[in-house]
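Understanding the architecture of this molecule
Residues per chain are reported as follows:
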Amino acid sequence: MRVGVLYSRIRRDEKLLLEALRDRGHAVEKIDVRDQRFGLTATTAPVEDLDVVVDRCLSTSRSLYATQFLETYGVPVVNAPETADICADKAKNSLALAAADVPTPETEVAFTTDAAMEAIESFGYPCVLKPVVGSWGRLMAKIDSKSAAEAILEHKATLGHYEHKVFYVQEFVDKPGRDIRVLAADGEPIAAMTRAADHWLTNAAKGGETAAFDLDEAATTLVERASEAVGGGLLGIDLMEVGGTDSGAYTVHEVNHTVEFKALTQATDVDVPARIVDWLEATVAAFDDSDQTDIDTDEVTA
Amino acid sequence: MFLATRVVCTMTSETDPVLAEDPITGEEIELPADVEVGEIIDSPVTGTELEVISLDPVTLEEAPELEEDWGE
């Protein structure tokens, strides 16, 4: 198959994926999104003959626009722009999970510091304040007191970008020193790991210690439902254990749409890039079947 | 303000490590033989992130700084 990889920097993740695609004999077109222009009906990006474009944009804004344009041109793209739109925004993410009855931390959004303060006070201390757009644990605040809340809200209100005036307040989940990252393709888990740290933020990007994790039935089901809630695709689904490591109860706090997987490759025995290529091959085959069905239907109705 | 600095070197063969000049310090650094355009390399001299701009000839540039919407 002919695969476009949309990127703005080749991280270890992209390099592993490129190697796996080439090892499998697939033709790869690297597309640096920074060099391209996207018109209403056409683009400078070389996408005409591609079977699929994989969005690996590091920048969320570029990811959202580029995938939307590609879909408009009829270019198959994963993940779909609808999925990206939900996953890129924590508020939309929370709404989608809640709408699908997937357990997720209690959350409120407020638009002024006064309303945000009321939300924080209603949750009590500690609680969590997050930017609606962002990753790797950046600008996340665990709020332990009213005076800390006042200071953080004042700082956020003066940061400048309007998104910092969308105050996303969440209950603090007392996780057992770790959370769980699952890489899933259309809801089917590829690999899972825990990320542990003494700090309340356990992201691998923050230095959280990783270890392979065996998903139980409850977690597997939640991963499938969380994936479906945001429209499926290749996703990084983050869970926290509620009530301790043996409770078997989980809450899903986030679903990521341009998921990094190098840490999973190191923490588990799974050949993650190869499994991603497996999924891409199946996805392209499904696109082809769908096109053939459309043609058959057209012939019948003509 | 970000000022791009480019340094050009030449590749030898497809299996040999690629030698290139660190655009910050001017020191010679070794890149993996399978280096990709767009790849980010941590400078072994300063730890600065460097981006591979081209392969033939090999051109390195100081990588763009982290932006607020970067991530997963």
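Preceding block: the structure.
Residues numbered from 1 in each chain as written. Chains lettered and ligands numbered in written order. Predicted model: local features only at pLDDT ≥ 70, side-chain atom pairs only at ≥ 80, totals over all residues. Heavy atoms only, no water.

**A word on the sheet that holds strand β9 (residues 178-185) of chain A**
Residue and element names in this part refer to chain A.
- Here five strands make up an open sheet; going across it, the order is β11-β10-β9-β12-β13 and the pairing antiparallel. On the outer flanks of this sheet lie β11 (209-212) and β13 (250-256), each paired with one strand and no other. Across the sheet, the mean angle from the axis of one strand to that of its neighbour is 30 degrees, orientation sign disregarded.
- Judged from the four bridges that link them, strand β10 (residues 188-196) and β11 form a sheet pairing that is antiparallel. Paired with Met 193 across the two strands is Ala 212, which belongs to β11.
- Sitting on the sheet, helix α7 (residues 217-230) is in contact with β9, β10, β12 (234-241) and β13, with an inclination near 130 degrees to β12. (Pairing = 2+ DSSP bridges. Helix = DSSP H or I, 4+ residues; strand = E, 2+ residues; numbered from the N terminus. Axes fitted to C-alpha atoms, helices over the stretch in contact; angles between N-to-C directions. Contact = heavy atoms within 4.5 Å.)

**Side note on α7(A)**
Residue and element names in this part refer to chain A.
- The terminal C-alpha atoms of α7, which comprises 14 residues, lie 20 Å apart, in line with the 20 Å expected from a rise of 1.5 Å per residue.
- Looking at α7, one finds that the buried residues are Ala 219, Leu 222, Val 223, Ala 226, Ser 227, Ala 229 and Val 230. All buried residues of α7 fall inside an arc of 155 degrees around its axis, so they share one side. Turned more than 90 degrees off the buried face of α7, the exposed positions are Glu 217 and Glu 228.
- Just downstream of α7 lies Gly 231, where phi reads positive at about 100 degrees. (Expected span 1.5 Å × (residues − 1). Buried < 20%, exposed > 50% of the residue type's maximum accessible area, 1.4 Å probe, protein only. Arc of directions from axis to C-beta.)

**Considerations on the interface of chain B and chain A**
- At the interface, 19 residues of chain B touch 29 residues of chain A.
- In this structure, Lys15(A) and Glu39(B) form a salt bridge, with 2.9 Å as the shortest nitrogen-oxygen distance.
- Our enumeration of links across chain B and chain A arrives at 20 residue pairs in polar contact (both at pLDDT 80 or more).
- Split by residue class, the side of chain B that touches chain A holds eight nonpolar, two polar and nine charged. (Salt bridge = Lys/Arg side-chain N within 4 Å of Asp/Glu carboxyl O. Polar contact = N/O pair within 3.5 Å; in protein donor to acceptor, adjacent residues only side chain to side chain. Nonpolar A, V, L, I, M, F, W, Y, C, P; charged D, E, K, R; others polar.)

**Digging into the sheet that holds strand β2 (residues 27-32) of chain A**
All names here are of chain A.
- Ordered by their spatial adjacency, four strands build an open sheet running β2-β1-β3-β4, and the pairing between neighbours is parallel. Where the open sheet ends on each side, the last strands, each with one partner, are β2 and β4 (77-78).
- Pairing of strand β1 (residues 2-7) with strand β3 (residues 52-55), which is carried by four bridges, proceeds in the parallel orientation. If you follow Val 5 over to β3, its bridge partner there is Val 54.
- Sheet strands touched by helix α1 (residues 12-23): β1, β2 and β3. Its angle to β2, the strand with the most contacts, is close to 155 degrees.

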